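# Residue-level structural notes
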Amino acid sequence: MNRHLVTVLCLLISLSIAAPVIAAPPGSPVALLSKVILDVLKKESGKNWEKATRGQTLASGDMVRTGDGALAIIKFKDNSLVRLRERSVMTITGTQTGNNLSKSVEIQTGVVGFNVARQRSGEEFRFTSPTSVASIRGTAGVFNSSTQSDTLTVTEGLVQLFNRVSSRTVDVGAGFTGISGKNGSIVSRATTEQERQAALNALRDDARRRLDIELRDPQGKTNRLKIEFND
Amino acid sequence: MTLRSLCTAGGMLLLPAVMFAQLSTTVSSTAPASAPPRKPVPVTVELQQGHRISEVQILYRPFGSSNWRKAEMDLRGNTARFTVTREYALAPFFEYYLILTDAAGKMTSYPPATGDDPIKAPPAQPLRVSIGDEDRDQVLFLSPEPDAVLDPEDVLISISLLRADSAVVRRATQIKLDDINITTGSVFSEDLIVYAPDNQGMTLSPGVHTVKVGLFNRKGQLYGTAELSFTVRGQGRDMLATPTPVRGFDYKVDVNVESRHEQIRTEGTWYNRAGATFRGKTGIWGFTSNLFLTSDERSDRQPQHRFFAGVETPWVQVGYGDHYPVLPELILSGKRVRGLSGSAHYGIVGIDMTLGQITRSVEGKLTRTFSADSFSVEFHRDSTGAYGLVSPGTYGRFNYGTYARDLFAIRPSVGDRETWEVGFSWLSSGDDKNSIHYGIAPRENIVIGTDFMARMDNSRIEITGQAAASAYNMDISKGSFTDADIDRIYASGAEGIKKVRDILGPYITVNDNFRPLNVDKLPTVAYELGLGLNYFDNYLKFTYLYHGNDYTSFGQSFLQTDIKGFSIVDRARLIDNQVFLTVGYERLEDNTSATKVGTTVFNNVNVAATYMSRSDLPTVTVGVSVYDNDNGLSVNGRDSLSAISDGTLRLYMQSSYEFMAGARHTATLNLSTSSRDDKSVRAYDVQNVTAELGLTTLYQAPLRTSFSAAMFLNTLPLSGFRGQTQTLNYGVLTLTARYGFMKNLLTVAATVAPAFGDYHRIAFESGLEWAARKDMQLLFQVSFFKNSDVPNESVVSLRYRYTI
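Structure report, in brief. None of the values given here were measured: they were computed from a predicted structure.

Definitions and cut-offs
- Residues numbered from 1 in each chain as written.
- Chains lettered and ligands numbered in written order.
- Predicted model: local features only at pLDDT ≥ 70, side-chain atom pairs only at ≥ 80, totals over all residues.
- Heavy atoms only, no water.
- Helix = DSSP H or I, 4+ residues; strand = E, 2+ residues; numbered from the N terminus.
- Buried < 20%, exposed > 50% of the residue type's maximum accessible area, 1.4 Å probe, protein only.
- Core = buried A, V, L, I, M, F, W, Y, C linked by side-chain atoms within 4.5 Å.
- Contact = heavy atoms within 4.5 Å.
- Salt bridge = Lys/Arg side-chain N within 4 Å of Asp/Glu carboxyl O.
- Pairing = 2+ DSSP bridges.
- Axes fitted to C-alpha atoms, helices over the stretch in contact; angles between N-to-C directions.
- Arc of directions from axis to C-beta.
- Polar contact = N/O pair within 3.5 Å; in protein donor to acceptor, adjacent residues only side chain to side chain.

## Points about the environment of Met453(B)
Residue and element names in this part refer to chain B.
- Here methionine 453 lies in strand E32 (residues 444–456).
- Judged by relative accessible area, methionine 453 falls into the buried class, the value being 13%.
- Counting along the chain gives 77 residues from methionine 453 to glycine 530, while the straight-line C-alpha distance between them is 9.4 Å.

## Considering the nonpolar core
- Of all hydrophobic cores here, the largest spans 37 residues; its most connected members are Val105(A), Phe127(A) and Leu152(A).
- No other element matches strand E9 (residues 100–116) of chain A, which puts six residues into this core.
- When neighbours within four sequence positions are excluded, Leu152(A) is seen to be in contact with Phe114(A), Ala134(A), Val142(A), Phe143(A), Val159(A), Leu161(A), Val172(A), Phe176(A), Thr177(A) and Gly178(A).
- Counting 26 residues, the second largest nonpolar core, distinct from the first, contains Ala35(B), Val45(B), Ile58(B) and Met73(B).

## Here's the deal with the pattern of salt bridges
All names here are of chain B.
- All chains considered together, the criterion is met by 49 salt bridges over all chains.
- Between arginine 306 and aspartate 74 there is a salt bridge, and its shortest N-O distance comes to 3.2 Å. You can see arginine 306 sitting in strand E23 (residues 306–312) and its partner aspartate 74 sitting in strand E6 (residues 74–76), a full 232 residues away along the chain. The burial state of arginine 306 is the same as that of aspartate 74; both residues are buried.
- When the shortest N-O distance is used, the salt bridge between arginine 128 and glutamate 95 registers 3.6 Å. Here arginine 128 is found in strand E10 (residues 127–131), whereas its partner glutamate 95 is found in strand E8 (residues 93–102), with 33 residues between them in sequence. Grouping residues by exposure puts arginine 128 and glutamate 95 together as buried.

## Section: the sheet that holds strand E1 (residues 27–31) of chain B
Residues and elements named next belong to chain B.
- Pairing is antiparallel in the open sheet, where four strands are placed in the order E1-E3-E7-E6. Edge positions in the sheet fall to E1 and E6, since each of these pairs with one other strand and no more. Within the sheet, the average angular offset between the axes of one strand and its neighbour, ignoring direction, is 15°.
- Where strand E3 (residues 41–47) lies against strand E7 (residues 79–84), six bridges are found, and the strand directions are antiparallel.

## A few points about helix H4 (residues 494–504) of chain B
Residues and elements named next belong to chain B.
- Within the sequence span of H4, burial applies to Ala494, Lys498 and Arg501. Projection of H4 onto a plane perpendicular to its axis shows the buried side chains occupying an angular sector of 60°, all on one side. Opposite the packed face of H4, turned more than 90 degrees from it, sit the exposed residues Glu495, Lys499 and Ile503.
- Where H4 is buried, its residues touch helix H3 (483–489).

## Observations regarding the side chain of Asp254(B)
Residue and element names in this part refer to chain B.
- Mapped onto the elements of the fold, aspartate 254 is located in strand E20 (residues 250–264).
- A polar contact of 2.9 Å, which involves the side chain of aspartate 254, links it to the side chain of arginine 801.
- What aspartate 254 contacts, discounting residues up to four positions off in sequence, is Gly275, Ala276, Thr277, Arg801, Tyr802 and Thr803.

Dropping the structure here:
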């Protein structure tokens, strides 16, 4: 049997292959806009805001902004998904090492829903705001950044929320909401029904649309019919 | 569930993967054949003569381990299910076999084992579930989602090659939409490829569409392929795939009714079964329930009906009915509990508990009556039975019944469950002495344990551990010791025993049947430690285990005890992830309490290599396993009857190949040999050679055919004649076809499978599947077995399924 053991040890020692490390060139696409509803703008570094369209790619440093009632769905190259809700602004960055992609979404303001695939070894996904950093690893939820505080509601998995002012960290699990304040405060508490509903809405792909129809009767009198509907 | 998935499920029912590979009159099919890595694997077994089977156990082990884990499968009518936990779903495969116990307690295994005891002598060729590699997805479809239902204007095809190997030339990638090459209309942005049909003036018709992606290397050779299907909304049948509209109270109901007649040998049996599942959700509240009723239910066997009803919120889940709780594997796993289940998690604090019955009381049976005058004679003739007064002047002999056994288990824990967790478990279980009149040796058991898990460096390092200590009593019928009992029985140490009785008395009966008798060698302790390292394209796992010879948990009665040792397995990805080499070494030994005449050492070496071609070549796995068992006693000396000295050599090769030749074909080839050389006086040598060749073809028309040929050559010990052998050689051909009419609303399937050689049988199967409405399905199936040595057999089944 010792012979077998020696054979096995020899094989174990012989198995060590270093993973290739390939840095992505600057300006490489790291994500794309897979869905655009209503007024969505995109800004490349050093350029002006321009209208965004479905299928456009996003490089590291690009910004995306949504208007009233608008929605943008951004898919990263590793299939992680971010839903930028109305009246929100964010910047995406990505660093590729070999086949791994580390991603960061900086939220200037607004609400972002996320559905992040389980991260591989060596990968990470972060949401950052001037106040907080949320480290995501295979989970879903909503990140809401405002001038006073950041609110993180997690519907699946676990997120580590870090307050940059106080350097304090809390774990936010499914069914919990983390609140990170500009004054350095940071807490995690059970999600309220209102927050949960808001999170579910933020995770939906639809957005309110409005249809205006002008109706004219036989006498030539006109009336306007307004219909709001989900996509 | 969409009609498409319903049809798929129905198709599986109509065309069970008939496992003629190992002929059985009880097991008609098993699934799956393959599974993704590190995800729970639901194993399903379809049976014939389900009423004859009272219990189905699954014994499974990961690659590199000789230690079988056992669990009870959830048996509902003709279907038995068990979910193998993710820890066992490791490449290249895990193995399993089944032990089926009939109402009389007789055990048979599937695949068939050569010995009388399938636990001690497992089948030479167990079943195998291939586990893929987690890094195999070179193509990521960013949109659409798989099986998505979209409006035509929302279709955007986007593909990421982030995970593709460096050998792949991104720009050479070819994309086909419904077999039309759309590569030139696609926008390439390094790793991203985007195609918007409406930008190219293409309008997709309603129905199912398929995107195929081909990757090529620098030599222009096909390096890999990927495929995705989605549905464009339209009219008619395509509307069936429309998602369920959002409701205030979202729910799903599935009703399944079956009437079935089986004619096996000379016995004909009707089965009538009905099952229903319900899941509902409103706000944070979720509701789940299931019900299964069967004509097999009888008071003289364990429950066959199943039910469960539960309510859950993000923090709390509570339910009542039949459930299979999973606490740390050493303490509670794979046991059906009928009763209350609950769990609560708030932040890093959690608690899980279960309370209920694991065995129903079954009263002993009256087998014979006799006059009171004959009692003494009858008792001396058979002292193993139970005797009681049936009527004045008449006694009866009874078979011993089964006590009702209750179980309570609880596990408080702390941790985020992603990167660290520590748990503490308590289990108590015991027989209800008053639940039956005629029984023997009611028992009790308590277990206390702890477990932990820690993951570091992005889960590249994983440390796990669990430990448990048990105490049990083999016969509580006499109750606990009194002070007088202890003084009378124990000349010394009486005070210590009284102290132990006073401490443990509230939890377990303490008398002379109590174990452990001593704690010197930890006979009732079990623990396991694991370390996983994932660096440099290697996944290395080291495990150490110790299971004391008297360790007992009524929640885990399937654990192999009296064993200790370690195993080490390494899986390396080589040559651009085209070759996967797995090497495992395991050294275990028994006799943990030095109670046996010799200590058996089990040395096992397993090596497997898988080649997954990026080009147009077959996938191949080859492997070798060497099992060596020796307890050091001379096979010729005076201890020769106790001597163990045997070795088993297994060689195997599996290959699959997908190719196009007028239609899509999948060819498979499996070869395996097993040779057991028993040097002991038992000379229990076994040789087995298996060869299987299969071809499945998917035509453009809704036609699917498959053909397989299998050959089995066995040399087995001749029962009752030590050292002599017999042969059992046979072959099986299987032909199957399935055709869909009216856009797959009506599907017809047929199978013919003759077996020849030392085993003669021809199996015919035919089935009809009708999707009457999008929420309603009817399935009719007829099987006929033409036997040569026994009467012909048949199975007729009609199933109705309704889904809301």
